[in-house]
Amino acid sequence: MSMHRLKSRLPQIFPELFSVSSDSVISFSWNAFGLRFAPLALALTMGVSTLATAAVAQDEMMSEQKDEMMSEMADSPPKERPPVTAEQAAFFESKIRPVLVTNCYSCHSQQSGRSEGGLDVDSAAALLNGGESGPAIDLEDFESGLLWKAINYDGLEMPPQDPLPPHVIEDFKVWLSQGAPDPRVTNVVRGAYRVTPEAIEKGREFWSLQPLPESSVAILTKVVQPHASGLQASKPIDQFVELQREQQGVSTPPTADSYTVFRRLCFDLLGVPPTAEQVDWFQGLWAQDPEAAMSTAVDYMLASPKFGERWGRHWLDIVRYAESTGREVNMPYPQAWRYRDYVIDSFNNDKPYDRFLKEQLVGDLLPSQTRAQKQEQLIATGYLAMGPKTLNERNPRQFEADLIDEQIDVTTRAFLGISVACARCHDHKFEAITQEDYYALAGIFGNMATQFGGVNSQRTRHTTNLIELPLADEQPAMPALKPEQLAAMNERISELNSEIRELRREFAQSRRPNRNRPGNGNSGGNNTAGGNSNQTGMEQQQRQQTLQRLNAQVGSLQGLVDCYDKDGNPRTLCMGVQPKPRSTDARLLERGEVNQPGATIPRGFVSLLDKSPPKIKRDSSGRMEFANWVANAENPLTARVMANRVWQHLIGEGIVRTPEDFGVTGSRPSHPELLDYLALRLIENKWSIKSLIKEIALSDAYRIGWQVDAIARDKDPENLYLWRSHPQRIQSESLRDSLLWVGGTLDLDRPHGSLVAQAGPLELGRGQQLTQLLVRAAMARPQMDAAEGDEMMSDSMNKDGSNDARPARPNRENSPLMADDNPFRRRDLANANVVAINEATVNRSFDYRSVYLPVVRDLLPRSMELFDAAEPSMVIGVREQSNTAPQALFMMNNELVRQQAVALAERTLEKTGGSSQAIDYVFKTAFSRPPAPDEVAQCTAFIAEMTDEFGAAARARDAERAAEQERRQRRDARNRRAQRERNNSNEATPAEAQTQANSASNEISPELQRQVMIAFCHAILATAEFRYRN
Amino acid sequence: MNEPTQSPILASRRQWLQNATSGFGFLAFAGLSTWANASPMIGLPQDPGNPLSPREPHFPTKAKHVIFLTMAGAPSHVDMFDYKPNLKRDNGKAAGRAGGSLMGSPFSFSQHGESGLWLSELFPNLAKQADRLCLLNSMHGDSPNHPTAQTQLHTGNFQFVRPSLGAWTLYGLGTDNSSLPGFVSLNPPAGNTSSYRNAFLPAVFQGTKLNLGGNPGRGGAASSRVPDITNPMLNDQQQRKQLDFVQRLNQRQSEQLPEHPGVEGVIQSYELAFRMQDSLPELLDLSQETSETMQMYGATGGRSARFGTQCLIARRMVEAGVRFVEVQSGGWDHHNSITNQLPPKCEEIDQPIAALIQDLAQRGLLDETLIVWSGEFGRTPFTRNGVGRDHNNRGFSAFMVGGGVKGGLRYGATDEHGIAAVEKPMHIHDFHATILHLLGLDHKRLTYRYAGRDFRLTDVHGVIAHEIIA
């Protein structure tokens, strides 16, 4: 069925749902469903319209994990199976191989690039390994092998067109019964480089793998006590730091002033600067007692829900949180936001860190007291499911192996600070980690089913169910459906399905006669039909395309239907993992190749990290044992790695500067004893992150200031030993939050769900479409000002909503989306036809905290991407801090910044009436400190300068306008009769009238004052100081 | 191009801008305390207060600009620029120690131009420029992994954070046009800053990343729209006044916190950004180009549209005085099928590069512009799956055009099958040393003092390939 036919048929099928618009894209009216519901519209539209966009394959070069160490390879003998005799080889080459090549390779070989059903038949190993349905050959009992069954049309039917002739099947019988001797050289070789047991033994001597000392007190006694009398510092942390400075011969820095310290604290703990009032409050406390002031402020902030939003984001950086698969297909994860909220809540509740890790690894296995707890634990396992995925990977084994690899990689780097995934293809080059270690872990991770959702589509080859949660959402992200709506969708699905069946039948029929034409025994028969078969080929191709298209439509619709229970209520689902019914070990894959399975490796842990690891019972998946082993005070890495992260987020640089790499390629700790002390404090305080934060934040090290010391600089240019502070450019989320915060427009409530959740399950394809999705799902305040309108409105939507193609407004009362307490209420979901949009529009459509912005892989909002937000496909422990011209342009010109400058200016005028207090207020709000006298002078001069500037501009404009008016009046006088209407529309706006009035009286009008204040506030927001936490 | 400021693209309002900012320039740059670490061995800037102002090279040369075309994913040299008849002869034979079997190129090679350079059929347009090409057939590097090899290609080193080639070039030579970044990277891949970073060099030498048309390898035509380039609330004069005020506050901050790298970076970024507001939209306004030019670059449609547009933008940038322009093309990692995957990729770049060479030549700019093409490594001449090729850092090909290199030359060679560089091997360090040399910079004297040590792009390595210099 051609696209045309499809298009012409859809309206017939669902006349009330479709109207064919002039631009050849089917638009969709929601009148029929009586509610605003963008996803389905998009699903159906895209089912057709995306066809026009050819899928452009992109090699994911940066994600390439396979480490090809050609120079390290050496020949090694093939293993396990007996050698192939010359006779067997001859038999295979003459009788078997030609048959495979002729009949099977086109669909089942690496050569053709097609591995249908995951099966390749072009190597011995691939045959043994098999495809989705299992091994193709059974060496024990050849008659139960799938290949044998398939060629006998027993369950499977291969080759699909015609069975092989009986004598060929006889040949296969001979071959298979001999154990399928296969002389094809597969060149499987293991890397020559091997990690020896001695190397592992030696590797265990590495600093980060040493057991932690028995207690924090013990370290203090050992390290600090002997020097205690000579130390200025009294707090343990500072004693370690001071000792190091002394040993390194660098000076002790001055203490930063109280304003700087308070600003630091606010950014570090909450992610936004203090208000002017809070600045004054803290100064009052500090003046009485700095220590008490700090303690009070820290307690106050740790109790704020803003804390979790700030620290949760740090965690999301390292666990590559995102709401889509990324890569070529980029399918959204509409349920990923639950994990985001889980992380934020966990930090706010100060969930013990070991518990936090366990929930993420084995939340599905842990016992639970309440349904709410069960819910929380299931959501936690979303951690394992939300990695980037190549959904169009053809080979299911490859997909599975990549999935496990990604889970191992993130888990080991994020939780343990060590990279194990390097050992996927060969023993680790740098660390003493063997390929066996990797596959021991792969066994554990392979024993769970990762449920990430998704919908079937033309390019998606991998989808799973999601996990049903015990407690239903109070506010579902998607609106409920009426039973008849659900029925209509189901009906459409079955229609499409019957169409598909019909097509398949045609397809099969058209293939048979060509080969089985009676009397067409000689090969010459095909020649006579040459023209015809060409034509048939074209038809076949068309059918094939139509089939794919219909399947995609079914997939989209089914994906949507699956979100609902039978009554049309949205189901409450999450991503995560579930145990598999049977526990097995993984096989080592030679060079990481899925078609080259080697020995079976018992499940286990990384031998380098543990000399005598706990045993895994045969019937246990090993995951619980692994989680207990990771989230364990005895594990030398877990507490060290997290303590280092906490230190880094407060001090600016980690004690180990490579937070994901505590191995030999990573950096060494600048303060090893301090790191151990902090790790032990974390453990001793029942893994409380908040307690650790508090101890560090209350240290003197946290309060150090800036100094220029040439000697220290030469000795320690990297400032390892803290002879001055580490200024930080505030992170992208904080910058955007701060802009909204100082403008007074930051919405501190958590939005329910996410934009991506509202969009529902879909296949999105490439970035552009995703942008459209976000718009369709979320866009649009009903009224937009002209500037926005120009940028984002397509011709399909008019400002006044008069366009007929635009769906009618849904009934607000009926939709949970429109409930008053829904934070998305303003975003008029029905404006689904808005198509043209830029990222800035998405970015500025929300005023809640940036951690709640949609995190769609390859499509971060501009304000995030520009200011070095974490790349969501990677484990990011340290963010870049660039200063670029595009950032400068953003701060100078971007609408978000301009709007907030206006908001800050208006607030300032309101609070201060434009008095001399204004400068003070703006400084305290934006810089968390009062201005110095010279700054007041500079600001006053600027305000005066701009008052002149704008005043002059206004006067010039007025003069121009007056002249114009005069000209027009003269002209109007001439054409009074014809131009009457035009005259009427020529009145000056109130603001202009005001300006005119004022220019006459030579006073500073409120409008002029406002304009100047905006320019002033904008300048303040654009400074380096606003962007830095020093 | 001795007078880049004469470019019609940038003529507008320049005089006014210069007047408006002349008082400020010195102030802005005076805060660059890290500049004190610059080597006395580099030339003096024409304007001592402005480290970006042009500097004399160590010795006079032709090349003044670089257009660096990098192919991310590692293109297959034996199918493109390294003709290996013996590989075809030995097709199917075991590749020895390395495993796999040799796979002759599925593409035919023929000789082109007076020089008789052997080129693959995948480059019908580039072949017409054969006598201008200087093939480097003996490239090799240290890493067979994409991210690390990309980092080495750009910074010489993949273990530490080091400045990129473009940053070193800008540091060594400054830039002619103060209204545009001296070093531009068009669409570098997300999450890896190695291709444009300044590392320990002062922030002014960081490459400016311009995302025109999305990520590399995503296809589609490059858009020439720059976000946030205009301010609807303020006119130029008003904005300049506002910015001067911002910079005064920044400057004060910089005095309060001397040696604060961030504040200095912000100060620099504003000066550049303000000028870019004028110059960049004009530069990217391709409507000034004739339709013949657009078609010549293949910028009007088809597979070459995106890369063609970027090459055209690169030419316009060089013409306007930008010192170093990098254009990245992604998607060259062809493990699965050379036959199917390589031709469309070559089609993306063949016509644009040929047009770039031709266009620069006809404008008299080819002599002073060095075009450099390279992947991060090459691919194995053997195959494990019968159709694709894997990573090979031991031997691969790059090429250079213009900028004072000999044309129609094939420099160095890999072994008979193309596995490893054997004749006049050119390590990435040598490649860097040669590029700097072509720009008049002695790679041993181009140093920067950091952490008590003088660093250079080539570390302690680098042999100049004098043979390729015309």
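Keep in mind that what you see is a predicted model, and the values were worked out from it rather than measured.

The helix and strand inventory of chain B stands at 10 helices and 19 strands. Looking at the 470 residues of chain B, the share that counts as buried comes to 62%. Considering only intrachain contacts with a sequence separation of at least 6, the fraction spanning at least 24 residues in chain B is 74%.

Turning our attention to the pairing of strand 3 (residues 109–112) of chain B. All names here are of chain B. Alignment of strand 3 against strand 4 (residues 117–120), held across 4 bridges, turns out to be antiparallel. Residue Ser-110 lies in a different strand from strand 4, and its bridge partner there is Leu-119. Here strand 3 hands over to strand 4 after 4 residues, with Gly-113 in that stretch at a positive phi of 70 degrees.

What follows concerns helix 25 (residues 672–684) of chain A. All names here are of chain A. With 13 residues, helix 25 should cover 18 Å at 1.5 Å per step; its first-to-last C-alpha distance of 18 Å lies within 8% of that length. Among the 13 residues in helix 25, 10 count as buried, and that is most of the element. The complete set of buried residues in helix 25 reads Leu-674, Leu-675, Asp-676, Tyr-677, Leu-678, Ala-679, Leu-680, Arg-681, Leu-682 and Ile-683. Immediately downstream of helix 25, the backbone of Lys-686 shows phi near 55 degrees, a positive value.

Most of the time, phi is negative for any residue but glycine, and the peptide bond is trans. All names here are of chain A. With an omega of -10 degrees, the peptide bond between Met-158 and Pro-159 qualifies as cis. As for its placement among the helices and strands, Pro-159 is situated in the loop between helix 5 (146–151) and helix 6 (166–177). In this structure, Ala-180 takes a positive phi of about 50 degrees despite not being glycine. Within the element layout of this structure, Ala-180 appears in the loop between helix 6 and helix 7 (197–203). We classify Ala-180 as buried; it has 24 C-beta atoms within 10 Å. Positive phi is not limited to glycine here, since Asn-719 has a value of about 55 degrees. Judged by local crowding, Asn-719 falls into the partly exposed class, with 17 C-beta atoms found within 10 Å.

Let us now look at the domain arrangement of chain A. Residues and elements named next belong to chain A. As assigned here, chain A comprises domain 1 (86–177), domain 2 (209–302 + 639–653 + 666–725), domain 3 (311–471 + 577–630), domain 4 (481–515 + 532–569) and domain 5 (896–974 + 989–1029). For domain 2 versus domain 3, the separation of C-alpha centres amounts to 34 Å. Domain 2 puts 10 residues into the contact, and the matching count from domain 3 is 10 residues. Of all the elements in the fold, those that place two or more residues in the side of domain 2 that touches domain 3 are helix 24 (638–651) and helix 26 (689–697). Among the elements that take part in the side of domain 2 that touches domain 3, helix 24 stands out by supplying 3 residues, more than any other. Its residues placed into classes, the side of domain 2 that touches domain 3 shows 6 nonpolar, 2 polar and 2 charged.

Here we take up helix 40 (residues 1006–1022) of chain A. Its 17 residues give helix 40 of chain A an end-to-end C-alpha distance of 24 Å, which sits within 8% of 24 Å, the value for a rise of 1.5 Å per residue. Extensive coverage of helix 40 of chain A is indicated by the burial of 13 of its 17 residues.

What follows covers the confidence of the model for chain B. All names here are of chain B. Taken over all residues, the pLDDT of chain B has a mean of 85, while the share at 70 or more is 86%. Note that pLDDT drops below 50 for residues 1–34; the model gives that stretch 53 contacts with residues more than four away or on any other chain. Every residue in residues 213–224 scores below 50 in pLDDT, and together they form 39 contacts with partners more than four places removed in sequence or on other chains. Quick note on the complex model: pTM equals 0.74, ipTM equals 0.74.

A word on the environment of B:Lys64. Tracing the backbone shows B:Lys64 in the loop between helix 1 (14–30) and strand 1 (65–71). Judged by the 24 C-beta atoms lying within 10 Å of it, B:Lys64 is buried.

Before going further, it helps to examine the packing of helix 14 (residues 336–348) of chain A against helix 16 (residues 371–380) of chain A. All names here are of chain A. At a minimum axis separation of 9 Å, helix 14 and helix 16 run at an interaxial angle of 110 degrees. Relative to helix 16, helix 14 is oriented roughly perpendicular. Relative to helix 16, helix 14 is oriented so that their crossing is left-handed. Contacts between helix 14 and helix 16 involve Arg-338, Tyr-339 and Tyr-342 from the former and Glu-376, Ile-379 and Ala-380 from the latter.

Cut-offs used in this document
- Residues numbered from 1 in each chain as written.
- Chains lettered and ligands numbered in written order.
- Predicted model: local features only at pLDDT ≥ 70, side-chain atom pairs only at ≥ 80, totals over all residues.
- Helix = DSSP H or I, 4+ residues; strand = E, 2+ residues; numbered from the N terminus.
- Buried ≥ 20, exposed ≤ 12 C-beta atoms within 10 Å, placed from the backbone.
- Contact = placed C-beta atoms within 7 Å.
- Pairing = 2+ DSSP bridges.
- Expected span 1.5 Å × (residues − 1).
- Domains from an automatic or database assignment.
- Nonpolar A, V, L, I, M, F, W, Y, C, P; charged D, E, K, R; others polar.
- pLDDT = per-residue confidence, 0-100.
- Axes fitted to C-alpha atoms, helices over the stretch in contact; angles between N-to-C directions.
- Parallel < 35°, antiparallel > 145°, perpendicular 65-115°, else oblique.
- Left-handed = near helix turned anticlockwise from the far one by under 90°.

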